[in-house]
Amino acid sequence: LLPMVVWFALWMYKPMGGLLIAFKRFDPSRGVLGSEFKGIDNFINMLGGVVKEEFWQAFRNTFIISSYSLVFGFPVPVILALLFSEIGHNGVRKLTQTITYLPHFLSEVTITGIVLMLVYNGVHSTGVIAQLFVSQGWIEPNASIIQQANYFRPLYIVTGIWKESGYNSIVYYAAIMGIPPALYEALKVDGGNKLQEIRYVTIPCIAPTLIIMVIMRIGRMLSIGYERVLLLYNTNIYVTADVLSTFEQRIGIISGNYGIGSASSLFNSLIAFALVIGANTISRNISKTSLW
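Residues numbered from 1 in each chain as written. Predicted model: local features only at pLDDT ≥ 70, side-chain atom pairs only at ≥ 80, totals over all residues. Heavy atoms only, no water.

Engineer: How should the layout of surface pockets be read in this particular structure?
Structural biologist: Picture a little ball the size of a water molecule; that probe, rolled over the atoms, points out where space is still empty. Its boundaries defined by the atoms lining it, the largest pocket holds a volume of some 770 Å³. If you go around the largest pocket, you meet 28 residues; those closest to its centre are Glu-164, Asn-168, Arg-217, Arg-220 and Arg-228. Residue assignment for the lining of the largest pocket shows that the elements contributing at least two residues are helix H4 (52-73), helix H9 (152-177), helix H11 (194-219) and helix H12 (226-232). Counting residues per element, the lining of the largest pocket draws most heavily on H9, which supplies 11 residues. The residue inventory of the lining of the largest pocket, partitioned by class, reads 13 nonpolar, 9 polar and 6 charged. Space inside the second largest pocket adds up to approximately 390 Å³. (1 Å grid on protein atoms, 1.4 Å probe; cavity = no way out; pocket = protein on both sides within 12 Å on 5 of 7 lines; lining within 4 Å. Points joined across faces, edges and corners; volume = space filled by probe spheres on them. Helix = DSSP H or I, 4+ residues; strand = E, 2+ residues; numbered from the N terminus. Nonpolar A, V, L, I, M, F, W, Y, C, P; charged D, E, K, R; others polar.)

Below, the structure written as structure tokens:
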């Protein structure tokens, strides 16, 4: 247990001291403790000052992308786990699982590079997916998917589903494997078919796992990583692509406004904490299943 405790202490708790920057006019030469205390001025400037339009745009984009990812992305690992459980041959199942797990272990740079090769439809290169869209009349022949704001969200969400669905299915597959076989046998005796097995046995039995995973997913709704966004977006699509993490990086690090960047991060964490509390309370009152 000691290595994990040390890791959490150094990487999770020690950096929390940096949250003081959100309440100060941070001067790197004076350090966090020596910088001038400004109270909630950074929060006021962020929510209603010169950067308010950029902040609220990033906040809206983060919430929309996360909501779409939850609605369209959350069921995919569950469906994969159901399909894996129905494969009778161990070798075929292991091979299929390995193929779906593989994208998770590739870096964001590699994944994004593959995606760009598939969809980029610009002057010098034409992606396979872009060619398909053009042939179906979904996009204009000379249109560039990565240069148009309305394509960013679907592209980001589909990339995330492809990268993480296989790996995320491990939890649900383990839950399905823990269901007593006698329940399926009883349903077969009653004349139930495969879809009824899923509806009346599998889903109810893994419901607690589903609820816990939804609550945890809701807590990460405003925590979109900046790596994939930075690799996919450009100035032409800021209106739909700029999220809180890239806003913090651009305002806090590139522009040197560390106070507002830190205030944005703290605001994000407080909203995420409130979402987890709310989702957990609702789940506990409705289904009797909760994190605590």
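Past the structure itself, the notes keep going.
Engineer: I tried to follow the side chain of Asp-242 on my own but got confused; where do I start?
Structural biologist: Along the chain, the position of Asp-242 falls in the loop between helix H13 (238-241) and helix H14 (244-254). On the basis of relative accessibility, which here comes to 1%, the residue Asp-242 falls in the buried class. Within polar-contact distance, the side chain of Asp-242 engages the side chain of Arg-250 at 2.8 Å. With sequence-adjacent residues up to four places away left out, Asp-242 is seen in contact with Glu-54, Gln-57, Ala-58, Asn-61, Tyr-233, Ile-237, Phe-247 and Arg-250. (Buried < 20%, exposed > 50% of the residue type's maximum accessible area, 1.4 Å probe, protein only. Polar contact = N/O pair within 3.5 Å; in protein donor to acceptor, adjacent residues only side chain to side chain. Contact = heavy atoms within 4.5 Å.)

Engineer: I keep staring at the nonpolar core and nothing clicks. Help me out?
Structural biologist: A general feature of soluble globular proteins is that nonpolar side chains tend to end up buried together. Among the nonpolar cores identified, the biggest contains 22 residues, and Tyr-172, Ile-176, Ile-206 and Leu-210 are the most heavily contacted of them. Ignoring any residue separated from it by four or fewer positions in sequence, one finds Leu-210 in contact with Phe-74, Val-78 and Tyr-172. Judged by nonpolar contacts, the second largest core, of 19 residues, contains Val-115, Ile-139, Phe-152 and Tyr-156. (Core = buried A, V, L, I, M, F, W, Y, C linked by side-chain atoms within 4.5 Å.)

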